[in-house]
Every structure is written in structure tokens, then in C-alpha cells.
Amino acid sequence: MRYAMVIDTLKCVGCSDCVVACQTENNVPVGYCRDWITEVVDGSYPNVELELKSERCNHCENAPCVRCCPTGASHIIDGGIVLVTPEECIGCGACIESCPYDARFQHPEGYVDKCTFCHHRVEKGQSPACVSVCPTNCMYFGDLDDPNSEVSNLLRNRKFKTLAPEAGTKPHVYYLI
Amino acid sequence: MDKSRRSFIRISALGAGGVAMGTTGLGLYPVSFDDMGVKASAVPLTRTATYCEVCFWKCAAWAYTDDKGDVVKLIGNEIDPHCYGRLCPRGTGGVGMYSDNDRLKKPLIRTEIDGEQTFREATWEEALDLIAKKFTEISQAHGPESIALLKHGSPGKHLEHLFKAMGSDTIAEPAYAQCRGPRETGFAATFGSWVGSPEPTDIRDTRCLVLIGSHIGENMHNTQVQEMSDAIDQGATIITVDPRFSTAASKSKYWLPIKPATDIALLLSWMHVLIYEDLYDKEYIDKYALGFRQLKDHVRTFTPEWAYGITKIKPQDIRRTAREMANAAPAVIVHPGRHVTWYGDDTQRSRSIAILNALLGSWGRRGGFYFKESIKVPKYPHPEYPDHKWGWKELGKKYPLAQMGITTEVIKASIPNPDNPYPVKAWMVAGTNITKSIPNKKLLEEAIESLDFMVVMDTMPMDVTGYADVVLPEATYLERADGIRSATNREPSVAVRLPAAKPRFDSKPGWWVAKQIGERLGLSDYFDYEDYEDVIKWQLEQMGTSLAELERTGVKMYPRKSGSMYLEKGEAYEFSTSSGKIELYSQELKDLGFDPMPVYIKHPEPPAGYYRLNYGRAPMHTFSRTANNPNLNDLKDENRLWVNPKVARILDLRNGQEVWLKNQDGVISDFSIKVRVTERIRWDSVYMVHGFGHTNKKLTRAVGKGINDTQMISSVAVDPIMGGTGMRGNFVSILSENPHKTVEI
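Please read these numbers as outputs of a predicted model, since none were measured by experiment.

Caption draft 1: The arrangement of the overall build of chain A in detail. Secondary structure summary: chain A contains six helices and 10 strands in total. Relative to the 2.2 N^0.38 estimate, which gives 16 Å for 177 residues, the radius of gyration of chain A is 16 Å and therefore close to what a compact globule would have. Looking at the 177 residues of chain A, the share that counts as buried comes to 44%. Pairs at least 24 residues apart make up 55% of the contacts formed inside chain A by residues separated by at least 6 positions.

Caption draft 2: The overall build of chain B, seen in detail. A tally of helices and strands in chain B yields 23 helices and 27 strands. Rg of the C-alpha trace for chain B: 26 Å, near the compact-globule value of 27 Å for 745 residues, within the 12% margin. Taken over the C-alpha atoms alone, chain B extends approximately 75 × 65 × 65 Å along its principal axes. Among the 745 residues that make up chain B, the fraction classed as buried is 59%. In chain B, of all internal contacts separated by at least 6 residues, the share reaching a separation of at least 24 is 73%.

Caption draft 3: Looking closely at the domain arrangement of chain B. Residue and element names in this part refer to chain B. Split into domains, chain B comes out as domain 1 (182-372 + 565-591) and domain 2 (611-735). Listed per partner, the contact involves 20 residues of domain 1 and 23 residues of domain 2. Of all the secondary structure elements, the ones that give two or more residues to the side of domain 1 that touches domain 2 are α5 (174-191) and α13 (346-359). Here the residues of the side of domain 1 that touches domain 2 sort into nine nonpolar, seven polar and four charged.

Caption draft 4: How the structure looks around the sheet that holds strand β1 (residues 3-8) of chain A. Residue and element names in this part refer to chain A. One open sheet holds the four strands; their spatial order is β8-β1-β10-β9, and the pairing between them is mixed. Sheet topology places β8 (139-143) and β9 (160-161) at the edges, where each strand pairs with a single neighbour. In this structure, β9 lies alongside strand β10 (residues 173-176), joined through two bridges in antiparallel fashion. Residue pairing in the sheet places Lys161 in a bridge with Tyr175 of β10.

Caption draft 5: The pairing of β8 of chain A, seen in detail. Residue and element names in this part refer to chain A. Of all five residues in β8, four are buried, a share of seventy percent or more. Across five bridges, β1 lies against β8 in antiparallel orientation. Residue pairing for β8: Ile7 is matched across the bridge by Met139.

Caption draft 6: Fine view of the environment of Pro421 of chain B. Here Pro421 of chain B shows up in the loop between α15 (407-413) and β13 (426-430). Considered as a pair, Pro421 of chain B and Arg701 of chain B are 280 residues apart in the sequence and their alpha carbons are 44 Å apart.

Caption draft 7: Geometry of the interface of chain B and chain A. Counting residues at the interface gives 38 residues for chain B, matched by 36 residues for chain A. Listed by contribution, the elements that provide at least two residues to the side of chain B that touches chain A are β3 (71-76), α1 (89-92), α6 (222-233), α7 (247-250) and α22 (630-635) of chain B. Take the side of chain B that touches chain A: its biggest share by element is five residues, from α6 of chain B. Considering only residue class, the side of chain B that touches chain A consists of 17 nonpolar, 13 polar and eight charged.

Caption draft 8: Quick peek at the pairing of strand β20 (residues 611-616) of chain B. Residues and elements named next belong to chain B. Counted residue by residue, β20 has six buried out of six residues, so it is predominantly covered. In the sheet, β20 pairs with strand β27 (residues 731-735) via two bridges, with the strands oriented antiparallel. In the sheet register, Tyr611 faces β27, and the bridge partner there is Val732. The sheet contact formed by β20 and strand β24 (residues 685-689) spans five bridges and is parallel. Counted as the bridge partner of Gly616 is Val689 from β24.

Caption draft 9: Representation of the environment of Trp427 of chain B in the model. Residues and elements named next belong to chain B. Assignment of secondary structure puts Trp427 in strand β13. It is 32 Å that separates the C-alpha atoms of Trp427 and Lys537, two residues lying 110 residues apart in sequence. The contact partners of Trp427, leaving out residues within four places of it in the chain, are Ala148, Leu150, Leu451 and Met454.

Caption draft 10: Up close: the sheet that holds strand β2 (residues 60-65) of chain B. Residue and element names in this part refer to chain B. With antiparallel pairing, three strands are arranged side by side in an open sheet as β1-β2-β3. Every other strand in the sheet has two partners, leaving β1 (46-51) and β3 as the edge strands with one partner each. Averaged over all adjacent pairs, the angle separating strand axes in this sheet is 30°, with direction ignored. Alignment of β1 against β2, held across six bridges, turns out to be antiparallel. The residue bridging Thr50 from the neighbouring strand is Ala61, located in β2.

Caption draft 11: Up close: the environment of Thr465 of chain B. All names here are of chain B. Tracing the sequence through the fold places Thr465 in the loop between β14 (453-458) and β15 (470-473). In the structure, Thr465 is positioned 231 residues away from Asn696 in sequence and 8.8 Å away in space, judged by C-alpha atoms. Ignoring sequence-local partners within four residues, the contact set of Thr465 consists of Val456, Asp458 and Val471.

Caption draft 12: Examining the packing of helix α8 (residues 263-276) of chain B against α13 of chain B more closely. All names here are of chain B. Interhelical geometry of α8 versus α13 gives an angle of 20° and a closest axis separation of 10 Å. Relative to α13, α8 is oriented roughly parallel. Of the two possible hands of crossing, α8 and α13 adopt the one that is left-handed. Note on element contacts: α13 touches α8 through Gln348, Arg349, Ser352, Ile353, Ile355, Leu356 and Leu359, opposite Asp263, Ile264, Leu267, Leu268, Trp270, Met271, Leu274 and Ile275.

Caption draft 13: Main features of the nonpolar core. Residues and elements named next belong to chain B. Grouped together as the largest cluster of nonpolar side chains are 268 residues, with contacts concentrated most on Ala61, Leu209, Met271, Leu359 and Met454. For this core, the leading source of residues is α8, giving 10 residues. In terms of domain composition, this core takes at least three residues from each of domain 1 (182-372 + 565-591) and domain 2 (611-735). When sequence neighbours within four positions are dropped, the list of residues in contact with Met271 reads Val299, Ile355, Leu356 and Leu359.

Cut-off values and rules
The numbering scheme is per chain: residues are counted from 1 as the chain's sequence reads. Each chain is given a letter, starting from A, and each ligand a number, starting from 1, according to the order in which they appear as written. Residue-level local features of this predicted model are given only where pLDDT is at least 70; pairs of side-chain atoms are given and counted only at 80 or more, and the full residue set underlies all totals for whole chains, interfaces and linings. A helix here means a DSSP run of H or I that spans at least four residues, while a strand means a run of E at least two residues long, and both kinds are numbered starting from the N terminus. As defined in this context, the radius of gyration uses C-alpha atoms, and a globule is described by 2.2 Å times the residue total to the power 0.38. Think of it as a crowd count around each C-beta: if 20 or more other C-beta atoms lie within 10 Å the residue is buried, if 12 or fewer it is exposed, and in between it is partly exposed, with C-beta placed from the backbone throughout. Once C-beta atoms have been placed from the backbone, residue pairs whose C-beta atoms lie within 7 Å are recorded as contacts. Segmentation into domains, and thus their bounds, comes from an automatic or database assignment. Basically, the charged four are Asp, Glu, Lys and Arg, the nonpolar ten are Ala, Val, Leu, Ile, Met, Phe, Trp, Tyr, Cys and Pro, and anything else, Gly included, counts as polar. Criterion used throughout: strands pair if DSSP finds at least two bridges between them. Axis lines are fitted to C-alpha atoms, over the contacting stretch for helices. Their N-to-C directions set the angle, which ranges from 0 to 180 degrees. In what follows, roughly perpendicular refers to angles from 65 to 115 degrees, roughly parallel to angles under 35, roughly antiparallel to angles over 145, and oblique to any angle outside these ranges. Crossing handedness is defined as follows: a turn of the near helix away from the far one that is anticlockwise and smaller than a right angle gives a left-handed crossing, while the clockwise case is right-handed. Here a nonpolar core is just a set of buried residues of the types Ala, Val, Leu, Ile, Met, Phe, Trp, Tyr and Cys, joined wherever their C-beta atoms sit within 7 Å.

Structural data, given as C-alpha cells:
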């Protein structure tokens, strides 16, 4: 089991529904977010290109945040989901520094927080809140070990990229381009 | 210095503690969302059927409440054809409408203390008694018609019933003459029917979608956004015409960066190509349309070369895109747009779009426009409404094809004028923040100043509440029942809204307010129910279902009864125009003294040093109503001024720099706005998202953030056909020095 998220940048309109859905699903306090939208504009008028996409923790296979965590609060569970155990987190912030995606933040209660791939939903066979709400249906979630899963099919048939590949983190969030 | 009897009240209301309306209201009430939810809790949630009220799309949803009875999340209803289980960010963030501690909390009554006007808190009894007394006095002196209702959304429906029962049909909403009115009139004059809402565009099956200034993806008209995404998956061609590189433009095969205000020239040249290259749907036109010969003659000289000089779109691009449309036809949609009040000839531009669709044979075809259907919700029994001597029709009679009340005409009729046979003396405003939706603030303030009485009902202390004599705190849509949503779609459906939580503070549902005022005016017979749920229950039973069923499902689909969604091949079909045909040439318009076929007219251009002010939508906000919503404000708390890098160089503007705007009439923006230097905008225009620049300090998150585009719109080009107010002909200069520096603000 290797969970992955595939996001189609050709369909994403950058509406931020994924951000609000995550906040209300996971009780993320207003002012903080576990996922966010980036906008990249290229070219000059009228030859312009625009890429919108939803970003979050990449649930890396080679996760620097897990390696640098002094207490073991940051860990990887079955399926490759990277989690933080709030009770074990001392809020030292080493993981925040180590993450090339800037995906972690200090929760007002002191511990470090980030995207969990909504594993509480995934356990029940549901998709993460962001995926389930996206009005453009541009996000897909599934198992890369299953060659017939939607995510496997998409990565087989479409051009894609990952973020900061030079960091060697082996991320599990893929962007269709 | 201000002797106005209805000066805008910016300060906190007096009353218990003096802080109830102030910025420190937080903590006075038991529910504090700021403390809420640190970790995902395992509290079991219960769900209640509702439909969204953050915008007009009205997606059916489930409101989830926790063990304390608070709404914590909203999820789309999976069987609802408006959202297919997926709300947009505003719908998902609708919970912020409920949790916002800046909400109106108690009824307020304008009062004067030490020569200064302020609000005092009042009981509902007191506020409603005062409204009934004032309505009675004004009605006796000037007739009930002189009391006008300006409204939007569900609360407006309840008040409309109250007003009609009172004998007033002086009812209008900015959604018509400030928004989609021209396209309804333009399409009615061509196909005999309105486009309506939601638009019956068959986007999911289209092969070519043409957007003209319509920015799907930035407007989150849910079904349209979802289906555009489906169309992208299917490989449909998208053509976007916009001076701005919109999100939709970035998804398009063709982006035509048109010179603003020249759209009709492009549309006419597309007609020219379709007709003179023999690409139009001959069989369809022969069978269903009237006036093809006249149209052919009319567009003879409107070649792409002619249009190039006007629109700056290259002739080969005009030809290529016209051929793309023809290749896809009839599975092609030239989208009617929604906010179409641009330059004053908007009905004619909408006519051009309608005619283009007719040439492509897309109306009534798969992948074009389907024939929509809805189910009638039976009227809950009440006595006949009394006759009215005059109403919105008479106020708008200057505009022969106005099909709804024109808000700006109601405003004009409120300014005393001995020649006006229809004087308006009082307003009730509900669910619409007219200071942000109505252009020409000076005129609006003059009208408000002249009124004998003004009531505003809203959930939030929107700017408009500052002008009221009485402010009523309405419960949010998550705390009240409202009328059944009967959707016009591919298949008819109904959805219900039931209260998911108890009203916070001392807020009350709109239906209750209407009933209470009605009873005080001796109109109890019109409100023969204890609770609005009784009405819904009765109506659902008449429709062969029950409240119990809808509590369980939220939405119920009904089978179509009007036949196929599409024209069958060679089917005889009568359109609802007077000729029964699609009218390419409109005798109706001709007889009224208007152009029977659209003509391109040159519109004013920005003078040197000025830029055309364009405005639009951000996906996480609806008009001005969501600017203070904690969840949505968190995503976007201010608008920015989009400026082309060339302009930025000339004016020495940097990204993030604070600037002020001054328009062609010398109107200076109240607040500043941060510059966004971007290649996504033409050098002759600037752009901002609508709905920011709030002046009311009670909106603690939104006040003073960004510029209110509507404030900068003082020049209005009125559509002579239906009274729409064209608002895209305003020009601004950019000030990098604070013009208010020496002035107290």
C-alpha cells in the first residue's frame, strides 16, 4: 500500500475549496492551513501562461522531517502517510526547517501540524476532504501499488511532475501537466 | 459638520454595555469559534438538510452540527444536480457566516444623543412595532406602493409576500438591472425565453465553449465550474475573450485578448465568417429562424479585417475561432455570461451572442443549450393580494423591455420631484448591500437622505445598515427554514432548508420577521402558519412526498414531463417569441425604435493617464457579503489592483505598493489598495475583485481592506431597452500619495 495524491493542474482553478474543506474537516484554526494554492504566471502579455495548483505535505518516502525529529513524533505509518503525534511533539521546529515544501506549521497549542492525507477518512475508505470536495474534480487519491488504481492509471498515461525533485525526498503528491 | 438626518453610523451601538456591537463583542457570547477545535475530535456529528445561501446557486448541502449544537462543517448533497456533492469554497466556508462574532446581534433603532446619531439596541417587539407604525403612516399618507422592497435571496421571498399582501409591488433587486437583466432580455428577444438561473448550458457534453468576459473558475457557479472541468477532460475546445488573462483563459486553446468595450464588433465578425464561409447550420436556420436574409445583408461588411481595427484581434484568429465553433456545432456554447451590465448596449451584445448561438444551431441541442425544466411548488393558501395602483413596472416604464424591477429607478423615484407621479417614501432592504451593488453613490445617498423611513435586515452589519432607521438581525441560512428550492435543470428537483442550529444571539428567521410585521398590519390571514416548516410540510405533501422524506434525503428528483432536453432531428418546434421562430431580425425591437439587429457602437476610452476599471470575482467570495466571513477572509482579506508591468514601469509602481484611485469624475477612493503587477492584464485597464473596501467598523476583519470598485463607478451607461446600468465605462488614475493625508478619515 502506497498512498498518493495526483492533482491535475490543467483543471485546477485555484478556488481554495480544498483549503476550507481541510480546515472544517480537521478543525484547523482560522489563520492556519494544511494545504494552500500557488499561482505561477509566466510569459508576457498576451503570451501568458498560468499554473494553479493545490499544495500540501508531500508524504515523502524519504522524509527529512521524520529523519530530523528528535522525539519520534514525526513518523510514517502503513501506506506511507507521514504523521505527527501531538503528544510526543515538543515543538522544536526542526521538521519545519527541514521540509522543502514548507508544509508544516506550529499549531497554537504548541505542537507541529500538517496534512495527514485525512487518514481518519482514508481508514474508513473515504478520500481526503480536499479531494472529496474539489469542484473541478482535479484531485485524485489512491494506491500506487495497485496498478489498476486511478492514480496509477493517470501517472501511466499523463505527463506529470513532482515538486522539488532535487531534494530527493520521493514525494507522493504528483502534478499532471 | 454633518447635518444629515440619516448620516451613516460608523460607531458602535449604544446599549447594554455599549460593546455588544463593537469589536470587543467576542467572548460576550457562549460560542467562541476561535477556541474551537484544536484536534480533530471524534464527536459524533448530526446532519440537517439545507441549501446554500452564500451565493444564488443554492447548492443543496448537509450541515453537520456537533454535540453542542453548533454547525461545524458543510458538505454538498451528492444527489443534488447543483453540486453533485461538491460545494465551492464559499459553500464549504458557509460555516463562517454562522460563526462570525461580528454578526448583527440585536435589533437596532436609530436615535440621537447629544446631537449625534447612533443606534440603540432594542427588543424585537419595539423594532417591529416601530416598523408597523411607520409602514401604516406612510401607507395612509402616500399609499402602500410608496414603500419599496430592495432584496436578494431567500429572505427577499418572504418579504415579497409581505409587500404584496400590503399592496406594494414596488419591488426590485440589483440582480436584474445591475447584473443579468440584459442577457435575459437579449435572449428573450431572440429565442423567446430567458437564459435563467442556473444557465441551461450543456457544458459537460460540449465540444466548444466560448466565454466572453465570463470567468468561470473565478466565479464559482458550481455546476458550470464542474462541467467545464468535465469538458476539459473530454478535450473540448475553450475559447476565451477577455482583456484579462483570466483563469478560464489559462485553460483555453484560444485566448483572444480583446480591446475592452469592442465585443459586439467581434461577435458581428464571427457572424460574418459563419455566414459568408457557409459554416452556419442551414437546416436549423431554415426551419427555426426568421430574418436570415436581413442578417446576412447586415453583417456583409463586418469582416474580420473590419473587426481587427476595432478589437485588435487578428483576422486569422477570428476566422480560426469561428471555424472551431462551426466544427463543433451544434455541440457549442457561446456562453451568455452572467454579470453583463457593461457598456449600456448590453441587451444588444446579448442579442449578438444569442444570434451567434442560433447560427451554430446550439439552442436545444446536446452540448449546446438544453431545454430546462422545473417542478412547480404549490402556493400555500392565502387570500388574494390586493391591487396596487403602481409598482416596479410603472417606475421602469421608460425601459420598454424591462422584465423586473429596476433598483436604480426605485432609487431615482425616492428623490423628491414634483413631476414624479410615483414617489417612493420608504425602503426595506434585505439580503443586498446596495452600497456595494449600486453605482453612483451620490445619487444613492441623496435618495436615502430623502426617505421617511428605512429598514435593513441582514445577518451582518454590512455598510448599508449604517443608513437604516431600524436594523433587524436575521438568522443565517443555517439557523432557519426557507422556501423550497425548485431547481430548473436537466431534470426537475426540489431541495429543502431546515434549521441546523438555533439562531445565535437575538437573530430571527426572515419568514418570522415577515409574519410578525404582517400580523401587526392586520394581515394575519396571509401568514396562516405557526412555523415555516408547516408550509414546507404542506407543500411537499401536495407534491407527493413528505417532510420526513426530505429530512432524510435533502433533495428529491422528479421525472421530466416536457419531453426531450434536445430538439429531435427535423422536429417541429415553436419558440416562445411572437413569431414562434428564433428572431435573428427583431421586429419587436424595431417597432420600439431600437436596432432590430445588433450594431457596434464605439464607447468612450480612457483619457491620458487613466485606465479602464474592470472588476470581477474571486472564487472564495460572493459580492461583498463574504468579506468578513472568518473562513473566507482568511483565504483572501483584500483585493489588489492588477496593473500591467508596462504601466507599473511608467508610474513607478511596485508589487504590494499601496495606492489610491481617482476616477474621471474626481471621486477618490476611501481606502488604499495594494498593487499587483501582472502580465495577466492589458495595459489600458486595471482590474480588481469586487466586494472589498468596507466602511463599517463593525466588520472587524473587512473594514478598510482594499477598494470598493462600486465607489469608483460614478458614470453609468443605461441600457435604453431594459434599464441595465453599464458600469465598465469608468476610468481611474493611480495615486501613489495618500490623498486623505490632510483630511480626517
